[in-house]
Amino acid sequence: MTKVICTLCPRECRLSEGQVGWCRGRICREGKVVAQNYGRLTSVALDPIEKKPLARFHPGSYILSVGSFGCNLRCPFCQNHGISQAGAEFATQDVMPADLVALAKELAARLAGNLGVAFTYNEPLIGYEFVRDTAKLLHEAGLKVVLVTNGMINAGPFQALLPLVDAFNIDLKGWRQQVYDVCGGSLAVVKQNIAAAAAVTHVEVTTLVVPGLNDSAAEMEAEAEWLASLSVNLPLHVSRYFPRWQASEPATPVPVIYKLADIARKYLSYVYTGNC
């Protein structure tokens, strides 16, 4: 049986007709790999921009935030596992790009205002075509595009998307490949995409600190030093883990978060703590 390779992310799933990829968001149909979550939203909310988290991109503003289902990582501590680890069976509402842009424009006209659309909650890049199509319409309408992502995407599609995104928050799970082995990803790919995005648009990075996995001072020092080599003004969010999904380790002690943030501040101008 002929198999088709999904070229979107480094996993490069080989799919037979009707087979769903590891991410649960992409499927082989009529000899092509397409997004089966296209226009299928599980979450819609008007959020403060700081909740993405973005601390230095239009602070004080609101942004229409949407999510679908699926993810191409399997972080055992996932904070949004209810939708990130779900598939096509999950209840959704169908919202096509033009409809989403119309809603974003309507909200922008209200008193609280709206910057545009943030693709978030699950991993938005596995719904690449929906993000791309909607982003084009948003820019035509003069609205902003924000992407909250794990950064696990191949260079070709990522470079094609960069001109359509006004701001990123990219997860950096840790500073060792062993951390990404736990999650099913590639540190090298994520670093490459952080660097590529930071060269052309606004980027902030989040590291969720999990006890015993990525909480060492030496690793945070190396991570912060590398981020500073891209720009000392690149904001870093050091975030506190809570036990979720398959993880039972107690929550990260608050003093650990503060200590790691102080280490990062030796290199970076803007370091924020989260979930404390």
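Everything below is about the structure shown above.
Residues numbered from 1 in each chain as written. Predicted model: local features only at pLDDT ≥ 70, side-chain atom pairs only at ≥ 80, totals over all residues. Heavy atoms only, no water.

Peer 1: Got a minute to help me understand the overall build of the chain in this structure?
Peer 2: In terms of helices and strands, the chain carries 8 helices and 14 strands. In terms of overall dimensions, the chain is globule-like: its C-alpha atoms have a radius of gyration of 18 Å, near the 19 Å expected for 276 residues. Counting every position in the chain, which comprises 276 residues, the buried fraction comes to 54%. A sequence separation of at least 24 residues applies to 67% of the contacts in the chain between residues at least 6 apart. Carbon and sulfur atoms provide 53% of the accessible area of the chain, an area that totals close to 11,600 Å². Considering the chain, the positive charge centre built from 25 side chains and the negative charge centre built from 24 side chains are found 2 Å apart. (Helix = DSSP H or I, 4+ residues; strand = E, 2+ residues; numbered from the N terminus. Rg over C-alpha atoms; globule rule 2.2 N^0.38 Å. Buried < 20%, exposed > 50% of the residue type's maximum accessible area, 1.4 Å probe, protein only. Contact = heavy atoms within 4.5 Å. Areas by Shrake-Rupley, 256 points an atom, 1.4 Å probe, with all protein chains shown as cover. Lys, Arg positive; Asp, Glu negative; His and termini not counted. Charge placed at Lys NZ, Arg CZ, Asp CG, Glu CD.)

Peer 1: Any chance you could explain the pairing of strand E14 (residues 271-274) here in plain terms?
Peer 2: The side chains of a regular strand alternate, first on one face of the sheet and then on the other. Across 4 bridges, strand E13 (residues 236-240) lies against E14 in parallel orientation. By the bridge assignment, His237 is partnered in E14 with Tyr272. Between the parallel pair E13 and E14, the chain is carried across by helix H8 (residues 254-264), and the sense of this crossover is right-handed. (Pairing = 2+ DSSP bridges. Right-handed = clockwise from strand over helix to strand, strands pointing away.)

Peer 1: Could you clarify how one ought to interpret the layout of surface pockets in this entry?
Peer 2: In this approach the atoms are scanned with a rolling probe the size of a water molecule, which exposes any empty space left behind. Its volume calculated, the largest pocket comes out at about 940 Å³. Looking at the largest pocket, it is lined by 36 residues, and the ones nearest its centre are Lys52, Gln79, Asn80, Asp171 and Thr206. The set of elements that each furnish at least two residues to the lining of the largest pocket consists of strand E10 (144-149), strand E11 (167-171), strand E12 (202-209), E13 and E14. Taken together, the residues of the lining of the largest pocket sort by class into 12 nonpolar, 16 polar and 8 charged. (1 Å grid on protein atoms, 1.4 Å probe; cavity = no way out; pocket = protein on both sides within 12 Å on 5 of 7 lines; lining within 4 Å. Points joined across faces, edges and corners; volume = space filled by probe spheres on them. Nonpolar A, V, L, I, M, F, W, Y, C, P; charged D, E, K, R; others polar.)

Peer 1: What exactly am I supposed to notice about the side chain of Glu123 here?
Peer 2: Among the secondary structure elements, Glu123 is positioned in the loop between strand E9 (116-119) and helix H3 (128-140). No salt bridge is formed by the buried Glu123, whose closest oppositely charged neighbour, Lys173, lies at an N-O distance of 7.4 Å. Every residue in contact with Glu123, bar those within four places of it in the chain, is listed here: Gly70, Cys71, Asn72, Thr149 and Asn150. (Salt bridge = Lys/Arg side-chain N within 4 Å of Asp/Glu carboxyl O.)

Peer 1: What should I look at first to understand the packing of aromatic side chains in this one?
Peer 2: Working definition: an aromatic ring pair is given by the centre-to-centre distance plus the angle between the planes. One pass over the full model with this rule turns up 4 aromatic pairs. On the basis of an interplanar angle of 90 degrees and a centroid distance of 6.3 Å, the ring pair of Phe119 and Phe130 is categorised as edge-to-face. Taken together, the residues span a long stretch of sequence, with Phe119 in strand E9 and Phe130 in helix H3 at a distance of 11 residues. Here Phe119 and Phe130 have matching classes, each one buried. Three or more aromatic residues joined by ring pairs make a cluster, and in this case those are Tyr38, Phe119 and Phe130. Here Arg74 stacks its cationic end above the ring of Trp22, 4.0 Å away from the centre of that ring. The ring of Trp226 carries Lys191 above its face, with NZ or CZ at 5.3 Å from the centroid. (Phe/Tyr/Trp six-rings, centres within 6.5 Å; stacked < 30°, edge-to-face > 60°. Lys NZ or Arg CZ within 6 Å of the ring centre and 35° of its normal.)

Peer 1: What exactly am I supposed to notice about helix H6 (residues 187-198) here?
Peer 2: One full turn of an α-helix is made of 3.6 residues, so residues set three or four places apart face in the same direction. Over its 12 residues, H6 runs 16 Å from end to end, which matches the ideal 16 Å to within 8%, given 1.5 Å per residue. Taken together, the buried positions of H6 are occupied by Leu187, Val189, Val190, Asn193, Ile194, Ala196 and Ala197. Contact partners of the buried residues in H6: helix H4 (155-161), E11, helix H5 (177-183), E12 and helix H7 (217-230). (Expected span 1.5 Å × (residues − 1).)

Peer 1: I tried to follow H3 on my own but got confused; where do I start?
Peer 2: Helix length check: H3 (13 residues) gives 19 Å between terminal C-alpha atoms against 18 Å at 1.5 Å per residue, within 8%. Of all the positions in H3, only Tyr128, Glu129, Phe130, Val131, Thr134, Ala135 and Leu138 are classed as buried. Downstream of H3 by a residue or two, Gly142 has a phi angle that is positive, lying close to 80 degrees.

Peer 1: Teacher, can you tell me more about the pattern of salt bridges here?
Peer 2: Oppositely charged side chains may form a pair once their charged atoms are brought near each other. In this structure the tally under the stated criterion is 9 salt bridges. Across the pair Lys51 and Asp47 runs a salt bridge, and its minimum N-O distance is 3.7 Å.

Peer 1: Would you take a moment to explain the sheet that holds E12 for this structure?
Peer 2: Pairing between the strands of a sheet comes from backbone hydrogen bonds, and it takes one of two forms, parallel or antiparallel. The mixed open sheet is built from 8 strands, whose spatial order is E6-E7-E9-E10-E11-E12-E13-E14. Across the chains shown, the open sheet's two edge strands, defined by having one partner strand only, are strand E6 (43-48) and E14. Each adjacent strand pair in this sheet contributes to an overall mean axis angle of 20 degrees, direction not counted. Sheet topology places strand E7 (residues 62-67) next to E9; 3 bridges connect them, and they run parallel. When the bridges of E9 are listed, Leu64 appears paired with Val117. With respect to the sheet, H7 is in contact with E12 and E13, its orientation differing from that of E13 by roughly 155 degrees. (Axes fitted to C-alpha atoms, helices over the stretch in contact; angles between N-to-C directions.)

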